Amino acid sequence: MQGTPISMPPGHIQALMKPMAATLSMPREWVELMAQAATICRFEQGQLLQVEGDSAEAMYIVLRGRVKVFRTATTGREQVMHVAGPGDHVNLVPLIDGGRCPASLQALTEVDTLVCTVEAFGALLAREPRLALVMMKDLARRQRHLVRLVDELALHTVQSRLIRLLLDRAESAERGEELVSLTQTEMASQVGTVREMVGRTLKILEGLGLIGLEAGKITVLDRAGLESRAEA
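Note that the structure is predicted; figures quoted are calculated from it, not measured.

Asker: How should the overall build of the chain be read in this particular structure?
Answerer: Scanning the chain from N- to C-terminus turns up ten helices and eleven strands. For a compact globule of 232 residues, the expected C-alpha radius of gyration is about 17 Å, and the chain comes in at 19 Å, within 12% of that figure. Seen along its three principal axes, the alpha-carbon backbone of the chain occupies a region of about 60 × 35 × 30 Å. Every one of the 232 residues in the chain was classed for burial, and the buried ones make up 41%. Partitioning the intrachain contacts of the chain with sequence separation of at least 6 by distance along the chain shows that 67% fall at a separation of at least 24. A total of about 12,400 Å² of accessible surface is found on the chain, and carbon and sulfur atoms cover 55% of it.

Asker: Mind showing me how you'd approach the state of the cysteines here?
Answerer: Defined simply, a disulfide is a covalent bond joining two cysteines at their sulfur atoms. Per the stated rule, a full pass over the model turns up zero disulfides. We note that Cys-41 lacks a disulfide partner, and the nearest cysteine sulfur, in Cys-116, lies 12 Å from it. A relative accessible area of 11% means that Cys-41 is categorised as buried. No disulfide involves Cys-101; its sulfur sits 14 Å from the nearest other cysteine sulfur, which is in Cys-116. On the basis of relative accessible area, Cys-101 is assigned to the buried category, the value being 3%.

Asker: Help me out: how do you make sense of the pattern of salt bridges in this one?
Answerer: Pairs can form between side chains of opposite charge once their charged atoms are near each other. Applying the stated criterion to the full structure yields 13 salt bridges. Taking the shortest distance from any N to any O, the salt bridge between Glu-32 and Arg-28 comes out at 3.1 Å. Residue Glu-32 and its partner Arg-28 are located together in helix 3 (residues 28-37), separated by four residues, close to a single helical turn. On the basis of relative accessibility, which here comes to 25%, the residue Glu-32 falls in the partly exposed class. On the basis of relative accessible area, Arg-28 is assigned to the exposed category, the value being 57%. Across the salt bridge formed by Arg-164 and Asp-168, the nearest N and O atoms sit 3.7 Å from each other. Taken as a pair, Arg-164 and Asp-168 lie in helix 7 (residues 158-174) at a separation of four residues, close to a single helical turn. Judged by relative accessible area, Arg-164 falls into the partly exposed class, the value being 22%. Owing to a relative accessible area of 26%, Asp-168 belongs among the partly exposed residues under this scheme.

Asker: How do you make sense of the packing of aromatic side chains when you look at a structure like this?
Answerer: Aromatic ring pairs: the centre-centre distance and the angle between the two ring planes describe each pair. Scanning the entire structure with this criterion turns up one aromatic pair. Between Phe-43 and Tyr-60, the aromatic rings sit 6.1 Å apart at their centres with planes inclined by 85 degrees, giving edge-to-face as the arrangement. Pair noted here: Phe-43 is in strand 2 (residues 39-43) and Tyr-60 is in strand 4 (residues 58-64), with a separation of 17 residues, a long-range link. As far as the burial class goes, Phe-43 and Tyr-60 line up, both buried. Lys-68 extends its terminal NZ or CZ atom over the ring of Phe-70, reaching a point 4.6 Å from the ring centre.

What counts and how
Residues numbered from 1 in each chain as written. Predicted model: local features only at pLDDT ≥ 70, side-chain atom pairs only at ≥ 80, totals over all residues. Heavy atoms only, no water. Helix = DSSP H or I, 4+ residues; strand = E, 2+ residues; numbered from the N terminus. Rg over C-alpha atoms; globule rule 2.2 N^0.38 Å. Buried < 20%, exposed > 50% of the residue type's maximum accessible area, 1.4 Å probe, protein only. Contact = heavy atoms within 4.5 Å. Areas by Shrake-Rupley, 256 points an atom, 1.4 Å probe, with all protein chains shown as cover. Disulfide = S-S within 2.5 Å. Salt bridge = Lys/Arg side-chain N within 4 Å of Asp/Glu carboxyl O. Phe/Tyr/Trp six-rings, centres within 6.5 Å; stacked < 30°, edge-to-face > 60°. Lys NZ or Arg CZ within 6 Å of the ring centre and 35° of its normal.

Written out as structure tokens, the structure is:
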């Protein structure tokens, strides 16, 4: 999918890549190589970057905004696998194994990304082979996240999964991270259920005094109480 090419000073690009460099422990020279090997594109809110099952076009490094990584059932129901923010890369797997894209990518907000094509990524690894080991370690970290997701969907109730989502978002907000507002439908797609179940569960939690619901905003009132119910 084509975004709108934009230009940025090299120093600004490298500054925006600092979160990724910190997560992957990448030296400055590797960051510079990646910045030189890629182009910058802007995607509008709601625009698809990549569609599940298509041939891989590129790996995307999020510089600004949020990208939803999801799969869609034949019924149209979505399962969100990950929401990528600044410093995250998405769509690496098909660049490595040569297969088709395992998930779709959609901009939740206006998004600026560093786009590293299949050819550019291959040339980058040929120039700096040690980068491959770094990316493999990060893939292993992401696999652990997916194992946790499978565990949540298979072994925990909807209420437990929803509570964990609320707690994770509360912790992210406390760290000062920018959060995108979620509709009940979007929450349902993240915890593997339907909107009606999310609505009922939120009302139950509100009735127990664990959360507050006002004008579409959810406030955690009793974290310890939520944690105890998540583990039940």
